[in-house]
Amino acid sequence: MNRRNLILGGSAVALAAAGAYAVMRGPSYPDAAAGVWSRKSRQADDGLNYLVHNATLAANSHNTQPWLFSGTASQVSIRPDTSRATPVADPDNHHLFASLGAAAENLVLAAAADGRSAEVGFDPGAGGQIRIDLTETGGSRRDPLFEAITERQCTRSMYSRRDVPSAELAMLEAAARVEGCEVLLITRRPQIDAILELITSANAAQIADPHFVSELKSWLRFNAAHAIRTGDGLYSGCSGNPTLPSWLGSIAFGMAFTAKAENDKIIKQVGSSAGLAVIVSGGDDPAHWVRAGRSYQRFALAATSLGIRHAFLNQPLEVTAFRPELAALLGIGQKRPDLLVRFGYAEPMPRSLRRPVSDVIVNA
Ligand SMILES: Cc1cc2nc3c(=O)[nH]c(=O)nc-3n(C[C@H](O)[C@H](O)[C@H](O)COP(=O)(O)O)c2cc1C
């Protein structure tokens with residue numbers, strides 16, 4: 001064998017070895033994310049899979065994906081997967097039901113694109129569940145909000161400080177209007193700064209609670225391999241944080257996750273945003289929390305379709321002691337503010353993952 005053949009032969013062996021290693025390691029993070037977020041068209045016999053795929057692309061607290069779907073392509077139930085609740089951050093399951101509501105909204109939009117109208121109801125019995133009745137309409141309705149389902153993300157980066165035009169603010173308000181819910185948009189700096197003070201104070205209170213930190217840590221995924229293995233949780237790369245082996249990530253998180261560091265970041269993030277949005281529903285029970293989730297998801301999809309990014313800052317809603325002060329600043333009386341996000345303009349970040357649809361569809 002001459003030298004050239006030896007090199008070529010060696011390269012082929014190296015390529016084969018690299019290929020085998022890649023197969024053993026599974027898909028790269030970008031490939032895994034692209035698989036999750038690709039638009040899947042409905043196949044003749046998988047109406048329920050199509051609906052659930054779209055539903056699972058909704059935002060959900062800590063990306064625990066706390067949902068179980070059952071039914072058929074004409075009647076779907078969504079109920080909580082309580083094994084995926086976050087009892088410290090969300091002791092009354094408010095965020096859990098809001099996450100189910102966000103999923104329901106995506107499902108309704110996907111059904112409309114597939115020629116079905118939806119009636120959404122809430123059954124408070126047996127732990128509470130959403131029931132969606134679907135009826136053939138004979139015509140597909142591709143709402144721009146539906147088109148945004150595969151593009152929406154929570155973007156936890158710095159934004160560009162650019163203001164959102166008032167016509168687009170009005171479009172966001174209109175899109176988020178769900179029966180019994182409204183979104184309040186705050187774009188004046190003094191009011192933003194007053195709310196920011198509550199966010200940072202509540203954030204410091206959460207970080208001082210070791211139970212909160214340990215629950216959060218259990219949903220952090222410090223590297224792509226861990227995120228891909230579980231298909232859930234908060235992958236550090238999505239927030240622009242370094243990816244590290246799990247053992248090192250755990251140590252680094254313990255050292256870097258301080259109230260001061262996080263609050264410094266939040267102050268800069270809010271300063272770079274065009275405004276804050278608060279979803280407020282008319283009641284404080286699971287049926288209204290579901291509505292708040294639907295309203296948020298519609299806000300987020302409308303924002304996405306206008307090129308506007310957003311990320312949650314729920315701290316003053318999660319620490320109950322701060323809720324009345326926030327309600328007073330918003331002028332909403334005794335109502336409970338449900339969800340709080342900042343919004344503005346930024347480049348997209350890496351996408352979060354989801355578990356396969358087959359993991360969340362169960363027999364009734
Ligand atoms: C009810 C609810 C509460 C949330 N709370 C927060 C929060 O306080 N902070 C945060 O950064 N993200 C929060 N999120 C966003 C989720 O972490 C995010 O949706 C999830 O990681 C999936 O990422 P994606 O929305 O980019 O697909 C919340 C989402 C929902 C639906």
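Here, the structure is the one placed above.
These numbers were taken from a predicted model, which means no experiment stands behind them. (Residues numbered from 1 in each chain as written. Predicted model: local features only at pLDDT ≥ 70, side-chain atom pairs only at ≥ 80, totals over all residues. Heavy atoms only, no water.)

1. Examining the pairing of strand β1 (residues 67-71)
- Burial runs high along β1: four of the five residues are buried.
- Count of turn residues in the β1/strand β2 (residues 75-80) antiparallel hairpin: three residues. (Buried < 20%, exposed > 50% of the residue type's maximum accessible area, 1.4 Å probe, protein only. Helix = DSSP H or I, 4+ residues; strand = E, 2+ residues; numbered from the N terminus. Pairing = 2+ DSSP bridges.)

2. Details of the nonpolar core
- Core analysis: the biggest nonpolar cluster contains 70 residues, and Phe69, Phe299 and Phe343 have the highest contact counts within it.
- The leading source of residues in this core is helix α4 (residues 94-113), at 12 residues. (Core = buried A, V, L, I, M, F, W, Y, C linked by side-chain atoms within 4.5 Å.)

3. Some points on the site of the ligand
- Contacts to the ligand come from 20 residues, most closely from Arg152, Cys154, Arg156, Ser352 and Arg354.
- Take arginine 152: an N or O atom from its side chain is 2.9 Å from an oxygen atom of the ligand.
- Asparagine 314 has a polar side-chain atom sitting 2.9 Å from a nitrogen atom of the ligand.
- In isolation the ligand exposes 630 Å². Once the protein is present, 91% of that is buried.
- The element best represented in the shell around the ligand is α4, accounting for three residues. (Near = heavy atom within 4 Å. Polar contact = N/O pair within 3.5 Å; in protein donor to acceptor, adjacent residues only side chain to side chain. Areas by Shrake-Rupley, 256 points an atom, 1.4 Å probe, with all protein chains shown as cover.)

4. Describing the sheet that holds strand β5 (residues 181-186)
- Pairing in this open sheet of four strands is antiparallel, and the strands run β5-β8-β10-β9 from one edge to the other. In the strand order of this sheet, the two ends are held by β5 and β9 (309-312), each with one partner. Each strand of the sheet is rotated relative to its neighbour by a mean of 30 degrees, with strand direction disregarded.
- For β9 and strand β10 (residues 337-344), the ladder comprises four bridges, and the chain directions are antiparallel. What sits directly across from arginine 309, in β10, is glycine 344. (Axes fitted to C-alpha atoms, helices over the stretch in contact; angles between N-to-C directions.)

5. Quick word on the pairing of β10
- In terms of burial, β10 is largely enclosed, as eight of its eight residues are buried.
- Across six bridges, the pairing between strand β8 (residues 275-281) and β10 is antiparallel. Bridged to glycine 275 within β10 is phenylalanine 343.

Keep in mind these values describe shape, not function.
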